[in-house]
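# Residue-level structure breakdown
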2 protein chains.
Amino acid sequence: MPSISVKGRMMPESPIRKLVPFADLAKKRGVKVYHLNIGQPDIPTPEVALDAIRNFNGKVVEYSHSAGIPSYRIKLAEYYKKHNIHITADDIIIGAGASEAILFAFQSIMDPDDEVIIPEPFYANYNGFAINAGIRVKPIFSSIESGFALPPIADFEKSITSKTKAILVCNPNNPTGYLYSEEELETLRQLVLKYDLYLIADEVYREFCYDGHKHYSCMHLKGIENNVILIDSVSKRYSACGMRVGCMISKNKEVMSTALKFAQARLSPPSFGQIAAEAAIQTPDSYFEEVLQEYLARRNVVVESINKMDGAFCPTPKGAFYVVAKLPIDDSDRFCQWLLDSFEFEMQTVMLAPASGFYSTPGRGKDEVRISYVLNVNDLKQSMKVLKEALKVYPGRTI
Amino acid sequence: MPSISVKGRMMPESPIRKLVPFADLAKKRGVKVYHLNIGQPDIPTPEVALDAIRNFNGKVVEYSHSAGIPSYRIKLAEYYKKHNIHITADDIIIGAGASEAILFAFQSIMDPDDEVIIPEPFYANYNGFAINAGIRVKPIFSSIESGFALPPIADFEKSITSKTKAILVCNPNNPTGYLYSEEELETLRQLVLKYDLYLIADEVYREFCYDGHKHYSCMHLKGIENNVILIDSVSKRYSACGMRVGCMISKNKEVMSTALKFAQARLSPPSFGQIAAEAAIQTPDSYFEEVLQEYLARRNVVVESINKMDGAFCPTPKGAFYVVAKLPIDDSDRFCQWLLDSFEFEMQTVMLAPASGFYSTPGRGKDEVRISYVLNVNDLKQSMKVLKEALKVYPGRTI
């Protein structure tokens with residue numbers, strides 16, 4: 001039998017996916033599983049987007065432009081203008097989700113063995129994209145005690161080598177919910193200027209900022225227009241993960257013309273998704289106001305509940321819909337599996353994401369879990385109760 | 001300004017795309033351009049597929065399973081059964097078009113600098129996927145005089161090195177329309193067994209076989225189940241290029257579990273496209289019968305017209321909707337540009353694809369063009385008339 005690739009063998013398996021069979025078994029036993037492990041929101045997709053699909057009156061489902069439907073990109077530029085981000089349709093390449101956009105960015109600016117610095121914990125799929133592109137992730141540590149703030153500049157500088165091509169931040173952050181401040185972005189600006197690096201900012205949670213805090217985009221940074229690559233997606237903004245519509249944005253013409261060649265090789269992004277995403281730009285502000293209220297209430301339930309549990313702690317994140325919580329446990333992988341295969345409280349349990357999967361440095365995150373607050377407030381309250389009970393009886397508890 | 005990647009600089013620009021600005025200028029001058037350069041059929045997408053989208057009644061456009069919607073894959077296995085291809089839903093991973101499926105296949109079985117042998121001329125985007133995956137294409141020559149039949153086995157063997165991991169064939173072929181026979185597939189079977197290679201078969205034109213010829217699939221080959229990877233797509237079958245739904249299929253469990261990790265990293269294929277593609281499986285046979293009649297009539301117009309032109313020749317392909325024609329010209333890139341920027345006949349011209357872009361060996365295909373017969377018979381007749389007139393006056397004609 002012919003062999004498979006080294007790259008293929010290196011591709012990580014998500015620690016969440018390893019838990020799925022255990023969740024299925026729990027459900028088979030009749031246990032209700034609260035899914036706090038996923039990034040799939042329960043919020044309805046805006047009707048205006050779904051209507052565009054229901055009213056599709058084309059005769060042929062054609063390829064779109066490789067960079068995306070022109071009218072969509074023009075409207076998208078208008079959307080960004082509202083967020084004080086000034087770009088044109090030509091600065092945008094639509095990808096099949098932010099996933100493809102990140103891959104385009106990695107491949108356009110980095111060669112095999114080049115390095116990208118990412119504060120950890122970070123979105124686990126960045127590892128997969130890095131292996132896919134043949135590049136290396138250099139993690140630098142952000143601590144739960146600091147609320148996962150940007151690590152000190154000295155830590156970045158220690159990690160920079162001749163192979164370093166980029167710094168990647170997710171803002172607001174998955175998995176931590178951390179919202180980077182204008183000052184932190186300014187620090188990154190100086191860093192990329194000093195070392196002539198790219199700054200890739202994954203801003204797919206832009207709309208989800210709480211407590212009156214404003215999102216500060218990488219595109220607001222002055223004087224590094226040729227260094228900045230913005231990654232975006234409609235998945236979270238409009239609760240439309242399945243549309244597979246994201247984009248990469250840059251003022252750097254050379255980067256964009258290079259990325260376009262990768263985009264042309266795969267012909268075009270999904271047409272139906274783009275049609276829906278174009279219509280979604282008309283989503284009324286009231287939609288986001290309601291969604292924000294809902295997520296804020298959920299965040300508060302989770303943060304308050306966790307911080308009341310003995311030996312548990314989580315910061316109060318200002319963005320996205322995740323928290324990383326520190327729990328009094330020996331090993332989060334073991335704990336998350338135990339929740340599914342050995343625990344139940346009133347025939348209920350919770351599925352969490354072990355934080356180990358979000359750290360690239362082995363051994364980190366062993367007493368941390370990521371909680372996605374993508375369930376309604378009542379279900380969240382109930383799942384926090386279940387978690388509290390679980391921590392009382394978990395054999396590997398550390399207090 | 002930070003540098004872009006070597007890989008990015010290596011990505012080829014399609015010779016067809018270089019012509020697009022010239023076509024736009026011709027249209028601005030009021031010249032009607034017959035597009036014989038594209039792979040986008042004009043045939044309507046089946047209504048049953050479009051209805052499924054129009055009737056979408058979900059509330060949230062969710063991620064699907066990373067390997068594709070389970071019910072879709074189950075129905076897809078039924079579709080293949082009709083074609084005497086016996087697989088299960090687990091042997092299928094849905095990709096964003098055949099494009100993504102090919103990339104998954106390349107990455108799962110090949111490491112940087114590994115080699116894949118492809119008979120040339122071949123679909124130009126294979127080059128892009130190869131550069132993307134960091135692998136090398138080793139072309140072997142198939143001649144227009146043989147009708148683009150499979151090159152002699154000795155030519156394959158001469159090209160096999162320790163780096164060779166796979167042979168890739170497109171069957172029926174883009175750009176040549178050639179349909180490989182059962183005997184030719186058998187030859188490939190013996191070859192991959194002898195050298196322990198993968199056989200990747202891109203069969204997206206399966207439905208388009210003429211003159212009573214039957215398609216023989218790589219999945220019909222006995223005893224090499226672990227070597228075979230089938231690439232497929234709904235783009236051509238249902239004239240639904242914009243759905244971006246394709247797949248890779250293999251009985252090799254290790255290949256599939258590896259490919260699934262690449263699929264998981266990008267989360268899921270497009271949901272709307274999959275919903276439409278699932279419904280499309282119900283497309284009545286009468287649809288294909290009509291489409292086949294139509295394409296057959298078109299093929300005959302093109303083949304007969306070309307072969308009547310002085311110094312021109314094209315084989316009669318048994319599949320797909322392309323022909324590669326030899327013309328009495330000095331340089332097909334120059335000729336195709338000249339057609340757009342310097343020629344018109346009764347305010348009309350034609351846009352063709354220079355065949356040079358389908359050859360990997362420099363200098364080949366200089367007197368050949370690819371003609372896609374994706375226009376109706378009347379427009380095709382008219383464009384053949386225009387081409388004939390053009391050949392009479394082209395300054396670089398060789399007769």
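These numbers come from a predicted model, not from an experiment.

Residue and element names in this part refer to chain A. Across the interface, helix α12 (residues 332-341) lies against helix α13 (residues 377-393) with an axial gap of 11 Å and an inter-helix angle of 110°. The angle between α12 and α13 places the two elements in the roughly perpendicular class. In this structure, α12 uses F335, W338 and L339 to contact α13, whose residues at the interface are L387, A390, L391 and V393. Its residues placed into classes, the contact of α12 with α13 shows seven nonpolar, no polar and no charged.

Residues and elements named next belong to chain A. Per the domain assignment, the segments of chain A are domain 1 (6-44 + 286-393) and domain 2 (47-280). Taken residue by residue, the interface counts 37 residues in domain 1 and 35 residues in domain 2. For the pair domain 1 and domain 2, the summed buried surface comes to about 3,200 Å²; carbon and sulfur atoms form 63% of the total. Where domain 1 packs against domain 2, one counts three salt bridges. When the shortest N-O distance is used, the salt bridge between R364 and E120 registers 2.6 Å. Run the count over domain 1 and domain 2 and you get 15 residue pairs in polar contact (both at pLDDT 80 or more). Among the secondary structure elements, those contributing two or more residues to the side of domain 1 that touches domain 2 are α1 (6-10), α11 (285-308), β9 (322-326) and β12 (368-372). Class assignment of the residues belonging to the side of domain 1 that touches domain 2 gives a composition of 24 nonpolar, six polar and seven charged.

This part is about the packing of aromatic side chains. Residue and element names in this part refer to chain A. The full count for this structure, using the stated rule, is 36 aromatic pairs over all chains. Pairing Y238 with F288 gives two aromatic rings, centres 6.0 Å apart and planes at 50°, and the pair type is tilted. Here F288 lies in helix α11 and Y238 lies in the loop between β7 (228-233) and β8 (246-249), a separation of 50 residues in the sequence. One exposure class covers both Y238 and F288, and it is buried.

Residue and element names in this part refer to chain A. Residue placement: D367 occurs in the loop between β11 (353-354) and β12. For the pair D367 and S71, spaced 296 residues apart in sequence, the C-alpha separation works out to 48 Å. Setting aside residues up to four positions removed in sequence, D367 forms contacts with A325, K326, L327 and I329.

This paragraph deals with unusual backbone geometry. Excluding glycine, most residues fall at negative phi; most peptide bonds, likewise, are trans. Cis peptide bonds are those with omega within 30 degrees of zero, and the linkage from A:E120 to A:P121 qualifies with 0°. Mapped onto the fold, A:P121 is located in the loop between β3 (115-120) and α6 (125-133). A cis amide bond links B:N174 to the next residue, B:P175, at an omega of 20°. Relative to the assigned elements, B:P175 resides in the loop between β5 (164-170) and α8 (182-195). The phi angle at A:L267 is positive, at roughly 75°, despite the residue not being glycine. As for its position among the elements, A:L267 is in the loop between α9 (253-265) and α10 (271-280). For A:A320, which is not glycine, the phi dihedral falls at a positive 55°. Within the fold, A:A320 resides in the loop between α11 and β9.

With nine of its 10 residues buried, helix α10 (residues 271-280) of chain B lies for the most part within the structure. Turning to α10(B), its buried residues are B:S271, B:F272, B:G273, B:Q274, B:A276, B:A277, B:E278, B:A279 and B:A280.

Think of a sheet as strands paired side by side through backbone hydrogen bonds, with each pair either parallel or antiparallel. Residues and elements named next belong to chain A. The mixed open sheet is built from seven strands, whose spatial order is β2-β8-β7-β6-β5-β3-β4. Pairing within the sheet leaves two strands with one partner each, and these edge strands are β2 (92-95) and β4 (136-141). Here the strands of the sheet are splayed against their neighbours by 25° on average, with no regard to which way each runs. Taken together, the four bridges between β2 and β8 define a ladder with antiparallel strand orientation. Paired with I92 across the bridge in β8 is I249.

Turning next to the environment of B:E186. With respect to the helices and strands, the residue B:E186 is situated in helix α8. Of the polar contacts made by the side chain of B:E186, one reaches the side chain of B:R189; its length is 3.0 Å.

Cut-offs and rules
Residues numbered from 1 in each chain as written. Chains lettered and ligands numbered in written order. Predicted model: local features only at pLDDT ≥ 70, side-chain atom pairs only at ≥ 80, totals over all residues. Heavy atoms only, no water. Axes fitted to C-alpha atoms, helices over the stretch in contact; angles between N-to-C directions. Helix = DSSP H or I, 4+ residues; strand = E, 2+ residues; numbered from the N terminus. Parallel < 35°, antiparallel > 145°, perpendicular 65-115°, else oblique. Contact = heavy atoms within 4.5 Å. Nonpolar A, V, L, I, M, F, W, Y, C, P; charged D, E, K, R; others polar. Domains from an automatic or database assignment. Buried area = accessible area lost by both parts, 1.4 Å probe. Salt bridge = Lys/Arg side-chain N within 4 Å of Asp/Glu carboxyl O. Polar contact = N/O pair within 3.5 Å; in protein donor to acceptor, adjacent residues only side chain to side chain. Phe/Tyr/Trp six-rings, centres within 6.5 Å; stacked < 30°, edge-to-face > 60°. Buried < 20%, exposed > 50% of the residue type's maximum accessible area, 1.4 Å probe, protein only. Pairing = 2+ DSSP bridges.

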